[in-house]
Amino acid sequence: MMAAPLRGRLLALGGCGLLLASALAAGDERLYAAAVMPALRALPPEAAHGLALRAAALGLLPPTRPDGPALEVRVLGQRFRNPLGLAAGFDKQCEAVDGLFKMGFGFVEVGTVTPKPQEGNPRPRVFRLAQDEAVINRYGFNSHGHAAVERRLRARQETQIRLTGAGMPLGVNLGKNKSSTDAAADYVAGVRTLGPLADYLVVNVSSPNTPGLRDLQGKAELRDLLSKVLVERDLLPCERKPAVLVKIAPDLTAQDKQDIASVVCELGVDGLIVSNTTVSRPSSLRSRQRMEPGGLSGKPLRELSTQIIREMYALTQGRVPIIGVGGVSNGQDALEKIRAGASLVQLYTALVYHGPPVVGTVKRELEELLREQGFKNVMEAVGADHRC
């Protein structure tokens, strides 16, 4: 006979699934706020994430309205139908890409993907800080590995070619195995295996949950790593080579930032993603689990990440495209990052608290704000704060 706690958990999971499916099909923002999101938050965070990912994979999503021309961005050798992307970490294993594009994102980034499959850190490893609209995670690059993700990407390669042509590029975020003794070899293997299937690749050297990973942001280490990655990218047999970006931490010294800007400009790296989660804990945090180890994301990261965007844009003299991420949950947040120097922005934690309707909300508000502030389009607003 099934134990009562397990039976209750399964019933809750099934009920959440029905609620989620009905709300997705109807596209009802009020139903999300009143019923679906509270129901999902009654589940453990990792279980809720799995359910949401499954719903996206099944395509249980309402149609989104077409994006206006003011939202289009051309950068990284691609056209983006709008500047709002899904950050890495939501679809780590490339299981729901098509459903996520249906949600209205202008681009989707899968991963982080490691060469060999690995379980990541023990559970529980993700915590909601509901009072702060934040999340702390210490997943530790749980990954199905290159081979599994390559198989999934190849199965939808023709679909992605059409999506990319329609302004919906795909990014793949690369990491190293925890047990690896040669980090550069892990990233180079990722470029070789997954590069031909991606529009851009991300060298993730900034997760706080893999021991020693952030050391790769040091000047000499970063130059050596990126030199090898770029050589491998240039050797790919595909006609259209993927752009290479570096994802950096928000917990950097002034010297670290100068060094990263110097290396990126010197080597001709295509872009930066600013920023990953933070290991800092602002005094403003109120939630009980605020001191759990791991990376903090969501609203408390917003101002810090925007400031790092502003600094990296200045240090690279606006020559290196930036994808801004950290605490984006409305159009104002997005525009602040764009004005600070980001050509594109990403979100993730906002989905935890607001669900899929947040995607349309951010885009709608951003378009209104661009018009109010006298910008014809997103590209006119990029780096505007530096021209004041």
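Look above for the structure.
Bear in mind that the values here come from a model prediction, so they are computed numbers and not experimental data.

1. Considering the overall build of the protein
And then number 1: Along the protein, the regular secondary structure elements total 14 helices and 13 strands.
And then number 2: For the protein, whose C-alpha radius of gyration is 20 Å, the value lies close to the compact-globule estimate of 21 Å for 388 residues.
And then number 3: Its C-alpha atoms give the protein principal-axis dimensions of roughly 60 × 50 × 50 Å.
And then number 4: Out of the 388 residues belonging to the protein, those deemed buried represent 57%.
And then number 5: Within the protein, residue pairs in contact and separated by at least 24 positions form 73% of the contacts whose partners lie at least 6 positions apart.
And then number 6: Counting 48 positive and 39 negative side-chain charges, the protein places the averaged centre of each group 4 Å from the other.

2. Notes on the pairing of strand β13 (residues 344-347)
And then number 1: Side chains Leu344 and Gln346 of β13 all project onto a buried face; the interleaved residues Val345 and Leu347 project onto the opposite face, where all are buried too.
And then number 2: Where strand β3 (residues 84-86) meets β13, 3 bridges bridge the pair, whose relative direction is parallel. Bridge pairing in β13 places leucine 86 opposite leucine 347.
And then number 3: Where strand β12 (residues 322-325) meets β13, 3 bridges bridge the pair, whose relative direction is parallel. When the sheet's bridge partners are listed, valine 325 is paired in β13 with glutamine 346.
And then number 4: One crossover worth recording links β12 to the parallel β13 by way of helix α11 (residues 331-340), and it is right-handed.

3. Quick look at the nonpolar core
Within soluble globular proteins, side chains that are nonpolar generally end up buried alongside one another.
And then number 1: Tyr187 and Leu272 are the most contacted members of the largest nonpolar core, which has 96 residues in total.
And then number 2: Element by element, the count of residues in this core is highest for helix α13 (residues 357-372), at 6 residues.
And then number 3: Look past the residues within four positions of tyrosine 187 in its chain and what remains in contact with it is Leu174, Gly175, Lys176, Val203, Asn204, Val205, Leu213, Leu216, Leu225 and Val229.
And then number 4: Of all hydrophobic cores here, the second largest spans 7 residues; its members include Tyr32, Leu40, Leu43 and Ala48.

4. Let's talk about the packing of aromatic side chains
And then number 1: Going through the model one piece at a time under the given rule, you end up with 3 aromatic pairs.
And then number 2: Where phenylalanine 80 meets phenylalanine 107, the ring centres are 5.3 Å apart and the plane angle is 85°; that geometry is what we call edge-to-face. Within this pair, whereas phenylalanine 80 is found in strand β2 (residues 78-80), its partner phenylalanine 107 is found in strand β4 (residues 107-113), the two being separated by 27 residues in sequence.
And then number 3: When its relative accessible area of 1% is taken as the criterion, phenylalanine 80 is described as buried.
And then number 4: Accessibility expressed as a relative area gives 0% for phenylalanine 107, which makes it buried.
And then number 5: Their ring planes at 65° and their centres at 6.3 Å tell us that phenylalanine 107 and tyrosine 200 sit as a pair that is edge-to-face. Taken as a pair, phenylalanine 107 in strand β4 and tyrosine 200 in strand β8 (residues 200-204) lie far apart in primary sequence, 93 residues in all.
And then number 6: An aromatic cluster is present here, built from Phe80, Phe107 and Tyr200 joined pairwise through their rings.

5. Topic: the packing of α11 against α13
And then number 1: Contact pair α11 / α13: the axes reach a minimum separation of 7 Å and the direction vectors enclose 60°. As summarised for this structure, α11 and α13 are arranged oblique, according to the angle between their axes. For the crossing formed where α11 meets α13, the hand is right-handed. Mapping the contact onto sequence places Gly331, Gln332, Ala334, Leu335 and Ile338 in α11 and Val362, Glu365, Leu366, Leu369 and Leu370 in α13.
And then number 2: Tallied by class, residues from the contact of α11 with α13 come to 7 nonpolar, 2 polar and 1 charged.

Reading guide: rules and limits
- Residues numbered from 1 in each chain as written.
- Predicted model: local features only at pLDDT ≥ 70, side-chain atom pairs only at ≥ 80, totals over all residues.
- Heavy atoms only, no water.
- Helix = DSSP H or I, 4+ residues; strand = E, 2+ residues; numbered from the N terminus.
- Rg over C-alpha atoms; globule rule 2.2 N^0.38 Å.
- Buried < 20%, exposed > 50% of the residue type's maximum accessible area, 1.4 Å probe, protein only.
- Contact = heavy atoms within 4.5 Å.
- Lys, Arg positive; Asp, Glu negative; His and termini not counted.
- Charge placed at Lys NZ, Arg CZ, Asp CG, Glu CD.
- Pairing = 2+ DSSP bridges.
- Right-handed = clockwise from strand over helix to strand, strands pointing away.
- Core = buried A, V, L, I, M, F, W, Y, C linked by side-chain atoms within 4.5 Å.
- Phe/Tyr/Trp six-rings, centres within 6.5 Å; stacked < 30°, edge-to-face > 60°.
- Axes fitted to C-alpha atoms, helices over the stretch in contact; angles between N-to-C directions.
- Parallel < 35°, antiparallel > 145°, perpendicular 65-115°, else oblique.
- Left-handed = near helix turned anticlockwise from the far one by under 90°.
- Nonpolar A, V, L, I, M, F, W, Y, C, P; charged D, E, K, R; others polar.

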